[in-house]
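Architecture and fold: a report
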Amino acid sequence: MLRPSLRKPDQMRPVTLEINTNKWADGSCTVTVGGTIVICNASIDLAQPLWKRQQNLTGGWVTAEYSMLPRAVGIRKSRDAISKDHRGAEISRLIGRAFRSVVDMEKLGKHTITIDCDVIQADGGTRCASITGGFVALMLAVKKLLESGRISENPISDFVAATSVGVWGGELILDLDYEEDSKAELDANFVMSGSGKFIEIQATGEQHPFEAEQLTAMMDVASKGCAKLIELQKQVLD
């Protein structure tokens with residue numbers, strides 16, 4: 001069955017990663033995945049988070065904040081500061097976990113890096129785009145710490161990217177846009193490392209429960225998609 005986007009089942013949308021798009025940020029990347037656009041900015045705090053200081057813990061911390069701007073979608077959405085966005089909070093935690101999985105907090109030293117992911121236009125896959133672009137911003141921030149001599153070793157052990165896979169019209173498809181996502185029978189987000197390992201999987205049987213074989217097939221498709229994204233990350237950071 002032909003996808004609404006006219007793509008092949010295993011074909012991703014066009015992806016671009018533009019670095020250093022914010023002159024004030026310690027690392028920045030604007031990621032575009034089809035019609036989805038996310039601005040990712042990294043900020044370095046030259047101190048540990050308060051909770052680590054209070055507990056007298058060593059090492060730094062990496063965290064993230066995700067937000068969708070009011071006209072990122074077809075109908076205006078209230079700003080998060082005014083209307084509490086539980087979805088945004090859940091995605092923020094996902095992004096933070098993804099990045100912390102490949103960062104050695106001891107090597108990071110007593111620094112806190114916050115990655116802000118602001119969606120300016122949404123057409124499906126915003127959390128995956130945020131992880132893919134946000135990781136580039138994180139790498140740039142760590143590079144700044146290394147070049148300034150504040151840390152002596154790179155605390156990042158591997159790359160991180162994310163993509164979605166779903167079942168639409170009975171067929172397995174990669175990188176769902178909004179039209180496909182809203183009608184998918186099965187929808188999953190996969191966060192992966194550069195070594196091909198899975199960091200996190202979020203899968204939902206939208207219309208009915210799914211079997212282990214379906215998840216295995218989706219993992220294979222996601223692996224190929226994330227490998228392409230990580231190759232693009234390496235190109236822009238080279």
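In this structure the tally under the stated criterion is four aromatic pairs. Between Trp51 and Trp61 the ring centres are 5.0 Å apart and the planes differ by 90°, which places this aromatic pair in the edge-to-face class. Taken together, the residues span a long stretch of sequence, with Trp51 in helix α1 (residues 50–54) and Trp61 in strand β4 (residues 61–68) at a distance of 10 residues. With relative accessibility at 33%, the residue Trp51 sits in the partly exposed group. For Trp61, a relative accessible area of 22% translates into the label partly exposed. Residues Phe99 and Phe135 carry aromatic rings whose centres are separated by 6.3 Å and whose planes lie at 50° to one another, so their mutual orientation is tilted. A residue pair is termed long-range when its members are at least 10 positions apart, and Phe99 in helix α2 (residues 86–100) and Phe135 in helix α4 (residues 126–148) qualify at 36 residues. The structure contains a cluster of three or more aromatic residues connected by ring pairs, namely Phe99, Phe135 and Phe159.

Examined against the element boundaries, Gly34 turns out to sit in the loop between β2 (27–33) and β3 (36–45). Along the sequence, Gly34 and His208 sit 174 residues apart, while their C-alpha atoms lie 28 Å from each other. Contact partners of Gly34, with chain neighbours within four places excluded, come to Arg13 and Pro14.

It is worth spelling out the layout of surface pockets at this point. Sizing a probe to match a water molecule and rolling it over the atoms shows the empty space that remains. Taken as a whole, the largest pocket holds about 370 Å³ of empty space. As for the largest pocket, its lining consists of 17 residues, and the residues nearest its centre are Arg87, Gly124, Gly125, Thr126 and Asp181. Where the lining of the largest pocket is concerned, the elements lending two or more residues are α4, α5 (178–181) and β8 (186–193). Of the residues in the lining of the largest pocket, the class split is five nonpolar, six polar and six charged.

All right, on to the packing of α2 against α4 then. Two numbers describe how α2 lies on α4: the axes approach to 10 Å, and their chain directions differ by 45°. Between α2 and α4, the crossing angle belongs to the class labelled oblique. In terms of crossing hand, the pair formed by α2 and α4 is right-handed. Taking contact as the criterion, the partners of Arg87, Glu90, Ile91, Leu94, Ile95, Ala98 and Phe99 in α2 are, on α4, Thr126, Arg127, Ser130, Ile131, Gly134, Phe135 and Leu138. Grouping the constituent residues of the contact of α2 with α4 by class yields eight nonpolar, three polar and three charged.

Time to look at empty space enclosed by the protein. Applying the stated rule across the entire model yields one cavity of 30 Å³ or more. Size it by volume and the largest cavity reaches roughly 70 Å³. The wall of the largest cavity is formed by Met12, Arg13, Val33, Gly125, Cys128, Ala129, Thr132, Ala162, Thr163, Ser164, Asp175 and Leu229. For the lining of the largest cavity, the secondary structure elements donating two or more residues are α4 and β6 (160–168). Its residues placed into classes, the lining of the largest cavity shows six nonpolar, four polar and two charged.

Pairing is antiparallel across the open sheet formed by four strands, whose spatial order is β7-β6-β8-β9. Single-partner strands in this sheet number two, and they are β7 (171–174) and β9 (198–205). Neighbour-to-neighbour, the strand axes of this sheet turn through a mean angle of 15°, independent of strand direction. With respect to the sheet, α2 is in contact with β6, β8 and β9, its orientation differing from that of β9 by roughly 150°. Against the sheet, α4 engages β6, β8 and β9, with an angle of about 160° to β6.

Analysis parameters
- Residues numbered from 1 in each chain as written.
- Predicted model: local features only at pLDDT ≥ 70, side-chain atom pairs only at ≥ 80, totals over all residues.
- Heavy atoms only, no water.
- Phe/Tyr/Trp six-rings, centres within 6.5 Å; stacked < 30°, edge-to-face > 60°.
- Helix = DSSP H or I, 4+ residues; strand = E, 2+ residues; numbered from the N terminus.
- Buried < 20%, exposed > 50% of the residue type's maximum accessible area, 1.4 Å probe, protein only.
- Contact = heavy atoms within 4.5 Å.
- 1 Å grid on protein atoms, 1.4 Å probe; cavity = no way out; pocket = protein on both sides within 12 Å on 5 of 7 lines; lining within 4 Å.
- Points joined across faces, edges and corners; volume = space filled by probe spheres on them.
- Nonpolar A, V, L, I, M, F, W, Y, C, P; charged D, E, K, R; others polar.
- Axes fitted to C-alpha atoms, helices over the stretch in contact; angles between N-to-C directions.
- Parallel < 35°, antiparallel > 145°, perpendicular 65-115°, else oblique.
- Left-handed = near helix turned anticlockwise from the far one by under 90°.
- Pairing = 2+ DSSP bridges.

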